[in-house]
Amino acid sequence: MTRPRRFSAAMPGTVDDALRLHLLRDDGQEDICLVTYAPSTGASRTSALLKEVVLPKPGERSVHGNASFTGDYVVRVASIAAAQGLGIALAHSHPHGSGWQQMSGPDEDAERSFAHLAHAITGHELFGLTVAGDHAWSARRWNADARCTEAESVRVVDSHLRVTWNEALRPVPMPQDSQIRTISGWGEQIQGLLTRLRVLVVGAGSIGHDIAIRLAATGLLHVAVMDFDDLERVNLDRMPTATWIDVALRRGKVEHALRQLRLAATAGRPDLHGFEDSICEDLGQRIALDYDVIFSCVDRPWPRAVLNQLAYSDLIPVIDGGIAIDPFADGNGMRNATWRSHVLRPGRPCMVCTRQLNPADVTLDQQGLLEDPEYIRQSGRQKPARQNVAALAISPAASQLAQFVSLVVAPGGLGEPGPLQYVLSTHQLIALPTSLNPECFFERTTGLGDARVELTGVHESAERTRAARRRAQRSTRIRLARAGDRLLTSAQRKWTELTCPESRL
Ligand SMILES: [Zn+2]
Ligand SMILES: [Zn+2]
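What counts and how
- Within each chain, residues carry numbers counting from 1 in the order of the written sequence.
- Going through the entries in the order they are written, you letter the chains from A and number the ligands from 1.
- Reporting in this predicted model follows two pLDDT cut-offs: at least 70 for local features of residues, and 80 or more for side-chain atom pairs to be given and counted; totals over whole chains, interfaces and linings ignore these cut-offs and use all residues.
- Side-chain measures here rest on the full set of heavy atoms in the structure, leaving out hydrogens and waters.
- Whether two aromatic rings pair depends on their centres lying within 6.5 Å, for rings of Phe, Tyr and Trp, where Trp uses its six-membered ring; planes under 30 degrees apart make the pair stacked, over 60 edge-to-face, and the rest tilted.
- Elements are defined by DSSP. Helices are runs of H or I of four residues or more, strands are runs of E of two residues or more, and each kind is numbered from the N terminus.
- Coordination partners: N, O, S within 2.8 Å of the metal, 3.2 Å for Na, K and Ca; water not considered, so apparent gaps in a site are possible.
- Think of it this way: with four donors and all angles in the 85 to 135 degree range, the site is tetrahedral; with four or six donors, opposite ones beyond 155 degrees and the rest between 65 and 115, it is square planar or octahedral; otherwise it is irregular.
- The cut-offs for exposure are 20% and 50% of the maximum accessible area for each residue type, with area from a 1.4 Å probe on protein chains only; residues under the lower value are buried, those over the upper are exposed, and the others partly exposed.
- Every axis corresponds to a line fitted to the C-alpha atoms, with the helix fit spanning only the stretch in contact, and the corresponding angles, defined between N-to-C directions, vary from 0 to 180 degrees.
- An angle below 35 degrees is treated as roughly parallel, one above 145 as roughly antiparallel, one from 65 to 115 as roughly perpendicular, and anything else as oblique.
- Note on contacts: a residue pair is in contact if any heavy atoms of the two residues lie within 4.5 Å.
- Classification convention: Asp, Glu, Lys, Arg as charged; Ala, Val, Leu, Ile, Met, Phe, Trp, Tyr, Cys, Pro as nonpolar; all other residues, Gly among them, as polar.
- The method works on a 1 Å grid over the protein atoms by themselves. A cavity is a set of points holding a 1.4 Å probe that cannot get out, a pocket is an open set with protein on both sides within 12 Å along at least five of seven lines, and residues with an atom within 4 Å of a point line them.
- Grid points are joined across faces, edges and corners, and a volume is the space filled by probe spheres set on the points.
- Note: domain ranges come from an automatic or database domain assignment.
- One bridge is not enough; two strands pair if DSSP finds at least two bridges between them.
- Working rule for handedness: look at the near helix, and if it is turned counterclockwise from the far one by less than a right angle, call the crossing left-handed; if clockwise, right-handed.
- Nine residue types can take part in a nonpolar core, namely buried Ala, Val, Leu, Ile, Met, Phe, Trp, Tyr and Cys, and a core is a set of them joined through side-chain atoms within 4.5 Å.
- Nitrogen and oxygen atoms within 3.5 Å of one another constitute a polar contact, given that in protein one can donate a hydrogen and the other can accept it, and given that sequence-neighbouring residues count only through two side-chain atoms.

### Details of the packing of aromatic side chains
Point 1. Scanning the entire structure with this criterion turns up six aromatic pairs.
Point 2. The interplanar angle of 15 degrees and the centroid separation of 5.0 Å between the aromatic rings of Trp-339 and Tyr-422 together place this pair among those described as stacked. Taken as a pair, Trp-339 in strand S17 (residues 334–344) and Tyr-422 in strand S18 (residues 420–423) lie far apart in primary sequence, 83 residues in all.
Point 3. Summarising the aromatic geometry, the rings of Phe-441 and Phe-442 are spaced 5.1 Å apart at their centres and angled 80 degrees between planes, so their arrangement reads as edge-to-face.

### Quick look at the coordination of the zinc ion (ligand 1)
Point 1. Surrounding the zinc ion (ligand 1) are the protein donor atoms His-92 (NE2), His-94 (NE2), Asp-107 (OD) and Asp-107 (OD), at 2.0 to 2.4 Å.
Point 2. The site at the zinc ion (ligand 1) holds four donor atoms, and with the angles between them running 59 to 163 degrees, its shape is irregular.
Point 3. Here the donor residues of the zinc ion (ligand 1) share one chain and are spaced in sequence as H-x1-H-x12-D. Residue His-92 is found in strand S6 (residues 87–94), and its partner Asp-107 is found in helix H3 (residues 105–122); the two are separated by 15 residues along the sequence.
Point 4. You can call His-92 buried: its relative accessible area is 7%.

### Comments concerning the coordination of the zinc ion (ligand 2)
Around a metal, the perfect tetrahedron of four donors has angles of 109.5 degrees, and the perfect octahedron of six donors has angles of 90 or 180 degrees.
Point 1. Protein ligation of the zinc ion (ligand 2) involves Cys-350 (SG), Cys-353 (SG) and Cys-440 (SG), the donor distances falling in the range 2.1 to 2.2 Å.
Point 2. On the primary sequence, the residues serving as donors to the zinc ion (ligand 2) are separated as C-x2-C-x86-C.

### Considering the packing of helix H4 (residues 180–194) against helix H12 (residues 390–409)
Point 1. Close contact between H4 and H12 brings their axes to 11 Å; oriented N to C, the two are set at 100 degrees. Our classification of the angle between H4 and H12 gives roughly perpendicular. Here Trp-186, Ile-190 and Leu-194 of H4 come into contact with H12, specifically with Val-405, Val-408 and Val-409.
Point 2. Here the contact of H4 with H12 is built from residues that sort into six nonpolar, no polar and no charged.

### Examining the layout of surface pockets
Point 1. As a volume, the second largest pocket reaches approximately 850 Å³.
Point 2. Among the elements of the structure, strand S1 (6–12), strand S9 (148–150) and strand S14 (271–275) are those that each provide at least two residues to the lining of the second largest pocket.
Point 3. When grouped by side-chain class, the residues that make up the lining of the second largest pocket number twelve nonpolar, six polar and eleven charged.

### A few points about the domain arrangement of the protein chain
Point 1. Split by domain assignment, the protein chain resolves into domain 1 (6–165), domain 2 (177–467) and domain 3 (475–499).
Point 2. Inter-centroid distance (C-alpha atoms) of domain 1 to domain 3 is 53 Å.

### Here we look at the sheet that holds strand S19 (residues 428–431)
Strand pairing within a sheet occurs via backbone hydrogen bonds; the two strands may be parallel or antiparallel.
Point 1. Pairing is mixed in the open sheet, where eight strands are placed in the order S14-S13-S12-S15-S16-S17-S18-S19. Looking at strand neighbours, the two that pair on one side only are S14 and S19, the edges of this open sheet. Across the sheet, the mean angle from the axis of one strand to that of its neighbour is 15 degrees, orientation sign disregarded.
Point 2. Two elements, strand S13 (residues 222–226) and S14, share five bridges in a ladder whose sense is parallel. From the neighbouring strand, Val-225 faces S14, where its bridge partner is Gly-274.
Point 3. Sheet strands touched by helix H7 (residues 253–264): S13 and S14. Its angle to S14, the strand with the most contacts, is close to 170 degrees.
Point 4. The strands that helix H9 (residues 301–313) touches are strand S12 (198–202), strand S15 (293–296), strand S16 (318–327) and S17; relative to S17, the one it contacts most, it runs at about 35 degrees.

### Details of the packing of helix H2 (residues 71–83) against H3
Point 1. At a closest axis distance of 9 Å, the pairing of H2 and H3 adopts a crossing angle of 30 degrees. Between H2 and H3, the crossing angle belongs to the class labelled roughly parallel. The handedness of the crossing between H2 and H3 comes out as right-handed. Contacts from Gly-71, Val-74, Val-75, Ala-78, Ser-79, Ala-81 and Ala-82 in H2 reach Phe-114, Leu-117, Ile-121 and Thr-122 in H3.

### Notes on the nonpolar core
Point 1. Counting residues in each nonpolar core, the largest one holds 45 residues, and the members touching the most others are Leu-197, Ile-211, Leu-215, Leu-261, Phe-295 and Phe-404.
Point 2. The dominant element in this core, judged by the number of residues it contributes, is H12, at seven residues.
Point 3. For this core, the domains that each give at least three residues are domain 1 (6–165) and domain 2 (177–467).
Point 4. Look past the residues within four positions of Ile-211 in its chain and what remains in contact with it is Val-201, Phe-295, Cys-297, Ala-397, Gln-400 and Leu-401.

### Here we look at the side chain of Thr-130
Point 1. Mapped onto the fold, Thr-130 is located in strand S7 (residues 126–132).
Point 2. A residue is classified by how much of its surface remains accessible, and Thr-130, at 1% relative accessible area, is buried.
Point 3. At 2.9 Å, the side chain of Thr-130 forms a polar contact with the side chain of Arg-140.
Point 4. What Thr-130 contacts, discounting residues up to four positions off in sequence, is His-92, Ser-93, His-94, Gln-101, Ala-136, Trp-137, Ser-138 and Arg-140.

### Re the sheet that holds strand S8 (residues 137–142)
Point 1. Ordered by their spatial adjacency, nine strands build an open sheet running S9-S8-S7-S6-S2-S3-S1-S10-S11, and the pairing between neighbours is mixed. The open sheet has two edge strands with one neighbour each: S9 and strand S11 (162–165). Each neighbouring strand pair of the sheet contributes to a mean axis angle of 30 degrees, computed without reference to strand direction.
Point 2. Here S1 runs beside strand S3 (residues 45–54); their pairing, made up of five bridges, is parallel. Looking across to S3, one finds that Ala-10 is bridged to Leu-49.
Point 3. Of the strands in this sheet, S6, S7 and S8 are in contact with H3, which crosses S6 at around 165 degrees.

Have a look at this one:
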């Protein structure tokens, strides 16, 4: 059975400010306006990305306790939207309401009566939005036949990611005894908000693996990891949960991470997923569009470019980070190590502007040249050494997780802090410049949604790696070893159930 498509709406903080300025009036009356949106179509969720607020001209709406508007206003804004390939959303206010709003009879009639017209002019479905007096948003989508589907959430992407959840579709998860210490850190309300976020970790190596496990332990319901790569011996020093057996059984990084997530999760009914796709593939990108926050734990230029764009084009905050270790040239001693973290979102500089991504390397990576020894020799480039140290690998993960907490919890009312860098030699934490480049290609894609420049394509090394792993997993030796491992795991689970009946392993 295919699940029905889910809907959401998202807007940058600037659009939220402009809408509230108009809709939440000083005189306490309801008001109304239209806003253009771009669709962002994920594998299972469609989001309306709000773009431009088009205020009514004199005579196009009247305010009389509640508000009404003319068909001319709808036609005018729908024509502006159609010329840009966008849809329209009808936004109004409930100044005395709080939380997710139900529609009144007149609300429903007004939205229904324009659903067909909006679709006929723009080719996109009409969205309806309501802002309550406490700044909570609610949203729904009308199809061309004027049938309404409630959205599951509305996301305001700013230094503090503010999400209003539709309690009927996404109820607060039941707090668990094992989460008492976590909940006492920020209270049940914040726990209820953040545990409903859908979070994707791209890259399940040492840093991504640690991040995903901490998210599941925090009680998040929806944690997913994406990685096409194998788990190899060279990963074992920085992944304390992985063993020689995992390598011998030819587990991919995702299979291993998912097993660990199931053990670490504290949510009552966690919904954990692993994807062996590449974010550089069309399907990988579509899966990513279903998530509210993405962690970037990849070091290759191509996947980093895809994530760098999604943060702006699809309004999904991407928390990026990494570590650089600088040994002396003779290999004898360490000069320095630095790790950094930053949130990519409209209003913050992108990876290119902070020199975390060189656009010239993206094409080389797409062509597979960065792994080609002949190309590396001829171009005089250094093969990436990818130094990492188990004792330090936790630090960039911790730094990215702290950015996540700042983004979604906003301690002290402050959101994420901008790019940070820690310098190990001097033990200094440095706040890096946050100035924006108005010419930046990536930042100019803000809110384009499905009209983004597609950076995805055939990712040959991902296809080769997955195919080789599948072949290896089909060998008799590994099939037998895996069957034995399954028996042991199930015996271990039975033993846990016997000794600790309240556990949920
Ligand atoms: Zn209303
Ligand atoms: Zn930029």
